[in-house]
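# Structural features, examined
Listed here are the chains, written in short residue letters.
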Amino acid sequence: MPKKVLVLILAYNAERHIAGVLNRIPDALWNHPDYQAEVVIIDDCSKDNTSKVARTYLSGSARPIRLLRNAINQGYGGNQKVGYTYAIEHGYDVVVMVHGDGQYPPEFLPEMIAPILKGEADAVFGSRMINKKDALKGGMPYYKFVGNIVLTKLQNFMLGSKLAEFHSGYRAYSVEALKKIPFQHNSNVFHFDTDIIIQFVDNGLTLKEIPIPTYYGDEVCHVNGMRYALDVMLSTLLSRIQKYGVFYAPKFDYEHVLSYADKSGFASSHSFALEHAGNNQRVLDIGGGEGYVAAKLRARGCTVTGCDWRVDDSMRARYDAVYTVDLNHPDFGVLATQHFDTILFLDVVEHLLAPEHFMMQLHAWSAPDNPRVIITTPNIAFIVQRLMLLFGQFNYGKRGTLDMTHTRLFTFSSLRRLLGSTGFNVIEERGIPAPFVLAMGDNWVGRAFLKLNLLLIKLSKTLFSYQIAVVARPVPTLELLVQHAIAHGDAVK
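The notes below deal with the structure included here.

Rules behind the numbers
- Numbering of residues starts from 1 in every chain and runs along the sequence as written.
- With pLDDT at 70 or above as the cut-off, local features in this predicted model cover only qualifying residues; side-chain atom pairs require 80 or more to be listed or tallied, and sums for whole chains, interfaces and linings still use all residues.
- Values reported for side chains reflect all heavy atoms of the structure, with hydrogen atoms and water molecules removed beforehand.
- Put simply, DSSP marks the helices as runs of H or I at least four residues long and the strands as runs of E at least two long, and each gets a number from the N terminus on.
- Restricting the calculation to C-alpha atoms gives the radius of gyration, and the globule rule supplies 2.2 Å times the number of residues raised to the power 0.38.
- Each residue's exposure class comes from its accessible area (1.4 Å probe, protein chains only) as a fraction of the maximum for that residue type: buried when under 20%, exposed when over 50%, partly exposed otherwise.
- Throughout, a contact is declared for two residues whenever any of their heavy atoms are within 4.5 Å.
- Working definition of accessibility: Shrake-Rupley area with a 1.4 Å probe, residue cover restricted to the visible protein chains.
- The positive count covers Lys and Arg only, the negative count covers Asp and Glu only, and His and the chain ends enter neither.
- For charged residues, the charge sits on one atom: NZ in Lys, CZ in Arg, CG in Asp, CD in Glu.
- The criterion for strand pairing is that DSSP finds at least two bridges linking the strands in question.
- In this analysis, axes come from line fits to C-alpha atoms, helices being fitted only over the stretch in contact, and the angle between any two N-to-C directions falls in the range 0 to 180 degrees.
- The working definition used for a salt bridge is a side-chain nitrogen of Lys or Arg within 4 Å of a carboxyl oxygen of Asp or Glu.
- As used in this structure description, the phrase polar contact means that two N or O atoms lie within 3.5 Å; if the pair is within protein, one of them must be able to donate a hydrogen and the other to accept it, and residues adjacent in sequence are counted only when both atoms belong to side chains.

A count of helices and strands for the chain gives 20 helices and 14 strands. Taken over the C-alpha trace, the chain has a radius of gyration of 30 Å; the compact-globule value for 493 residues is 23 Å, which it surpasses by more than 25%. With the C-alpha coordinates aligned to their principal axes, the bounding extent of the chain is approximately 115 × 50 × 40 Å. Within the span of the chain, comprising 493 residues, buried residues form 49% of the whole. Intrachain contacts of the chain at a sequence separation of at least 6 include 73% that bridge at least 24 residues. Accessible area of the chain: about 23200 Å², with a carbon and sulfur share of 57%. When the 49 basic and 47 acidic side-chain charges of the chain are each reduced to a single mean position, those positions are 5 Å apart.

What follows deals with the sheet that holds strand S10 (residues 321-324). Pairing in this open sheet of 7 strands is mixed, and the strands run S10-S9-S8-S11-S12-S14-S13 from one edge to the other. Pairing within the sheet leaves two strands with one partner each, and these edge strands are S10 and strand S13 (424-432). With strand direction ignored, the average angle separating the axes of adjacent strands in the sheet is 15 degrees. Relative to strand S12 (residues 372-378), strand S11 (residues 342-346) runs parallel, the two sharing 5 bridges. Bridging across to S12, Thr342 finds its partner in Arg372. Together, S12, S13 and strand S14 (467-474) form the strand contacts of helix H16 (residues 412-421), whose direction differs from that of S13 by roughly 160 degrees.

On inspection of all chains with the given rule, the structure shows 18 salt bridges. Two residues, Asp202 and Arg240, come together in a salt bridge whose shortest N-O distance is 2.7 Å. Linking Asp202 in helix H9 (residues 192-202) with Arg240 in helix H10 (residues 225-241), this pair joins segments that are 38 residues apart in sequence. Asp202 sits in the partly exposed class, given a relative accessible area of 24%.

Residue position: Asn79 is located in helix H4 (residues 75-89). With a relative accessible area of 3%, Asn79 lands in the buried category. Here Ile42 takes part through its backbone oxygen, which lies 3.3 Å from a polar atom of the side chain of Asn79. Not counting chain neighbours up to four residues away, the residues in contact with Asn79 comprise Leu10, Ala11, Ile42, Asp44, Asn70 and Gln74.

We now examine the environment of Asp122. Inspection of the secondary structure puts Asp122 in the loop between helix H5 (109-117) and strand S5 (123-127). Each C-alpha atom, one on Asp122 and one on Met226, is 30 Å from the other, the two residues being 104 residues apart in sequence. Those residues in contact with Asp122 that lie beyond four places of it in its chain are Ile116, Ala172, Tyr173, Ser174, Ala177, Phe200, Leu205 and Thr206. Within the structure, the side chain of Asp122 is placed 2.7 Å from the backbone nitrogen of Thr206, a separation counted as a polar contact.

Rendered as structure tokens:
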């Protein structure tokens, strides 16, 4: 069965050009033995006679061409969203975008499509900048030429890509690849094209460029160059920042199941817990998730019991015993009858709806054993958050200090106050640096930033600590104090 190819012509105020673009589609596209090509023109609510001219053309053509018209102008990016959704819903294999103003050569359509049909690429870009001199010969204004080169170099550096041009509007995509990315959340304006490249790069999809001739004629440019450059760089920057948990945008969210990494190899909440937990201990790991710390403690002779909101088979394999507990409405049940030397509470307290209630419950049954309670939580007073507030920003993300699942946020003093008011004495308090090794890689750069952060924490832990780490012990309950008082009083003669 032949593949289905959709030629998507985006048209806005293109009455002077649309017929010429259709005439330039080569016969090789229509008569190819390996695929069946169709054309869909999407008029983005033009203010001129684009749709009328297109209908007149269609009435005299036997080619499979269809005209769609948006009831409301969607913008350059929004019009692409409509087209790609149409391609997905109608079962096409490849969609190739052509501008309705004739700026990009329809004659190259077969070359644009071929690498995708052969399985060599997930996207193909018609690049004017592979042969840069030809771009100037084709009439590209010099300021656009220079801007294209500068922006592309910056974006390649930030994304780790190697494209000759980020800013071509001549593109072909595998429809299967489009299904894998959240393009529906991209910009509705011109930097949609940057957003979709970032998505392809981030998801490891294959990009290919082919050289095309440059043509600048009498088409009307709807792009504000300075605004476009700013949008492009901002979108690229934000896509990188999102990886550090400082910012969140759905278009750069590809993690359907969020996982966390082992942080025991550098100064972190995990290494702090391992430092203080000891060997051959009875340990309760509350909300331990992936169980990285639990695995290392078991290797040190500890018996580790886990409890979490949800328990699966993989979690059962990482602990000696595991229990399901609703941490927002804790009923510790059989856990309250067991004895523990150490209780781990790593990066959990910020997820609770009422941490005061939880800590009081924990204190009520753990106090007789007087265990070490090791707690870590993000520091909302970290300098990054302070600077964000200075500029009126408070952006939640998929991970980090402002994780979208966090319900309570703490400073050193507010965590200390929580513990004191619920029956715990703080024995040790430490600032934890940001996980630069995870963000930048375990290399000299990541390690250098980690060391710098540790030095800054010595200057001001409240300002430069990414996380707060505390070792606490429960104070005796009143019932215990009464028992001790009676025992000691009866012993006096």
